[in-house]
Amino acid sequence: MADKIRIGFVGAGGIARAHVDAFSKVTDAEIAAVTDVSKDAATALAEKTGAAVFDSARSLARDAGVDAIFILLPPFAHGEAERAALESGLPFFCEKPVGLDPGFLQEVAAEVEAKGLLTSVGYMNRYRSSVNRAKQILEADPAIMAFGGWWGGSPGSHPWWTDKSKSGGQFHEQATHTVDIVRYLFGEAVEVYAAAANGFNKDIPGYTMDDAATVTVRFANDGVANLMCSASSNAGGSLFLDVHSLNHNFHFTEWEHHVAIKSKGADPEVIHGEAGIFSIEDAAFIEAVRTGDRSGIRSTYGDGVKTSLVSLAANRSLETGKPVSL
Ligand SMILES: NC(=O)c1ccc[n+]([C@@H]2O[C@H](COP(=O)([O-])OP(=O)(O)OC[C@H]3O[C@@H](n4cnc5c(N)ncnc54)[C@H](O)[C@@H]3O)[C@@H](O)[C@H]2O)c1
């Protein structure tokens, strides 16, 4: 392996630019190759990083001489990149949510497992000390209930986000971070039941998302959660998560997931969310690629698939009007 870990980017859009910035603090890696269906996007990223441009994920995986691939694609665009990584035996980092098709996700997860491939998924909040402090406390005093999600204003027209057939909807695409933290703290979900509000946002071209959704989740540990999203709250957004156990309350706020912890019989605790969380997440993956030690990875591909299966089950519940077992 070269001095610097050579990375290939599949996808050169918004989150790819965030990872370029993050890599400025990961000094033992370089972005050596890029591909995107938009030549302009790939070229712009190449000019910024010095990466070579490739025509496809397959040619990048085969010919670029990279040590790992970053799959930075919208939910509908997954497929070829994962196949290319599997065929080439390359470790890969995949942005959340990992896709839309449960069959494909489970098939890739099984192949990753069979090949023992090193993977990571972009659930960056798992690297936060606030979330990990909560996890540590809840190991001894299990989580009972959670309530939280993402509220935002009415969106403008967007090439894929506002089209539920491409993004999976706001709960799957955005509130997935909250679903993932709750899975991290509670363990596996066993049943979801969803209800949605529709018809409030008007005249947004290509808009097929729900205006808001609320999802009840039951967990194998007998805990419950009510998780939600809104894309129709124009007087102000909110990102929050409240969790309680018998003797602790956790109140997470904002994108950084600052937490205020109340404990029965003890002083309250406040932990602020880290800046530069993408650098922390990327450095953990690069360290695992460099050393082979995977202990720093907080979300593997198989784990990321399980989070997606929860929100995809919520979408099935919206279609059928019935609870869905996982
Ligand atoms: N972890 C986070 O907090 C976070 C933040 C933002 C976005 N994301 C996730 O990152 C993913 C991408 O989001 P984005 O904001 O970068 O979207 P984007 O629309 O800004 O960029 C997507 C890029 O992918 C390219 N693309 C589409 N299909 C392709 C294909 N088959 N092969 C190669 N390139 C293809 C597009 O041309 C575009 O350049 C989404 O799943 C999103 O949820 C994660």
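Residues numbered from 1 in each chain as written. Predicted model: local features only at pLDDT ≥ 70, side-chain atom pairs only at ≥ 80, totals over all residues.

What follows concerns the domain arrangement of the chain. Quoted interface sizes are often the accessible area lost when the parts come together. Annotation of the chain at the domain level lists domain 1 (5–117) and domain 2 (125–274 + 308–325). Domain 1 and domain 2 are separated by 27 Å when their C-alpha centres are compared. Of the residues lining the interface, 10 residues belong to domain 1; the matching set on domain 2 comes to 11 residues. (Domains from an automatic or database assignment. Contact = placed C-beta atoms within 7 Å.)

Turning next to the environment of Ser299. Within the secondary structure, Ser299 is located in the loop between α10 (277–291) and α11 (301–320). Residue classification places Ser299 among the buried residues on the basis of 25 C-beta atoms within 10 Å. Residues Ser299 and Ser88, 211 residues apart in the sequence, show an inter-C-alpha distance of 22 Å. Leaving out residues up to four positions away in the same chain, Ser299 has contacts with Ser120, Val121, Tyr123, Arg126 and Gly304. (Helix = DSSP H or I, 4+ residues; strand = E, 2+ residues; numbered from the N terminus. Buried ≥ 20, exposed ≤ 12 C-beta atoms within 10 Å, placed from the backbone.)

This part is about the environment of Arg6. Tracing the chain through its elements places Arg6 in strand β1 (residues 5–10). When the C-alpha positions of Arg6 and Ala29 are compared, they lie 6.0 Å apart, and in sequence the two are 23 residues distant. Apart from residues no more than four positions distant in its own chain, Arg6 is found in contact with Glu30, Ala32, Gly65, Val66 and Asp67.

It is worth spelling out unusual backbone geometry at this point. Cis geometry is found at the peptide bond from Lys96 to Pro97, where omega equals -20 degrees. Looking at the element boundaries, Pro97 is found in the loop between β5 (92–94) and α5 (102–115). With a phi close to 75 degrees, Asp222 is a non-glycine residue in the positive phi region. Asp222 gets classed as exposed once you count the C-beta atoms within 10 Å, which come to 10.

Within the structure, the ligand sits among 22 residues, and Gly13, Gly14, Ile15, Ala77 and Glu95 are positioned closest to it. Of the residues forming the shell around the ligand, the biggest block, three residues, is contributed by helix α1 (residues 14–23). Partitioned by chemical class, the residues of the shell around the ligand number 12 nonpolar, six polar and four charged. (Near = placed C-beta within 6 Å. Nonpolar A, V, L, I, M, F, W, Y, C, P; charged D, E, K, R; others polar.)

Our next topic: the pairing of strand β4 (residues 68–71). The alternating pattern of β4 places Ala68 and Phe70 and Ile69 and Ile71 on opposite faces, both of which are buried. One ladder, built from four bridges, connects β1 with β4; its direction is parallel. Among the inter-strand pairings, Gly8 is bridged to a residue of β4, identified as Ile69. Relative to β5, β4 runs parallel, the two sharing three bridges. If you follow Ile69 over to β5, its bridge partner there is Phe92. (Pairing = 2+ DSSP bridges.)

Pairing within the open sheet is parallel, and its six strands lie in the order β3-β2-β1-β4-β5-β6. Strands at the two margins of the open sheet, each flanked by one partner only, are β3 (52–53) and β6 (119–121). Inspection of the sheet shows strand β2 (residues 29–35) paired to β3 by two bridges, in the parallel sense. Looking across to β3, one finds that Ala33 is bridged to Ala52.

Mapped onto the secondary structure, Thr162 falls in the loop between β7 (143–151) and α7 (164–167). The sequence separation of Thr162 and Ile204 amounts to 42 residues, and the corresponding C-alpha distance is 8.7 Å. Residues within four places of Thr162 in sequence aside, it is in contact with Pro155, Ser157, Ile204, Gly206, Tyr207 and Met209.

Turning next to the sheet that holds strand β8 (residues 189–197). What the nine strands build is an open sheet, ordered β14-β13-β12-β11-β7-β10-β9-β8-β15; its pairing is mixed. The strands lining the two open edges of the sheet, one partner per strand, are β14 (266–271) and β15 (324–325). The sheet contact formed by strand β9 (residues 212–219) and strand β10 (residues 224–230) spans seven bridges and is antiparallel. By the bridge assignment for β10, Arg218 is matched with Val224.

Here we come to α1. Because the α-helix completes a turn every 3.6 residues, residues three or four places apart line up on one side. The set of residues buried in α1 consists of Ala16, His19 and Phe23. Burial along α1 is one-sided: seen end-on, the buried residues are contained in an arc of 60 degrees. Exposed and facing more than 90 degrees away from the buried side of α1 are Gly14 and Asp21. The elements touched by buried residues of α1 are β1, β2, α2 (39–49), β4 and α10. (Arc of directions from axis to C-beta.)

A few words on helix α6 (residues 129–140). Compared with an ideal rise of 1.5 Å per residue, which puts 12 residues at 16 Å, α6 spans 17 Å between its outermost C-alpha atoms and is within 8% of the ideal. Listed in full, the buried residues belonging to α6 are Ser130, Val131, Ala134, Ile137 and Leu138. Burial along α6 is one-sided: seen end-on, the buried residues are contained in an arc of 130 degrees. Summarising the geometry of α6, the exposed residues directed more than 90 degrees from the buried face are Gln136, Glu139 and Ala140. (Expected span 1.5 Å × (residues − 1).)

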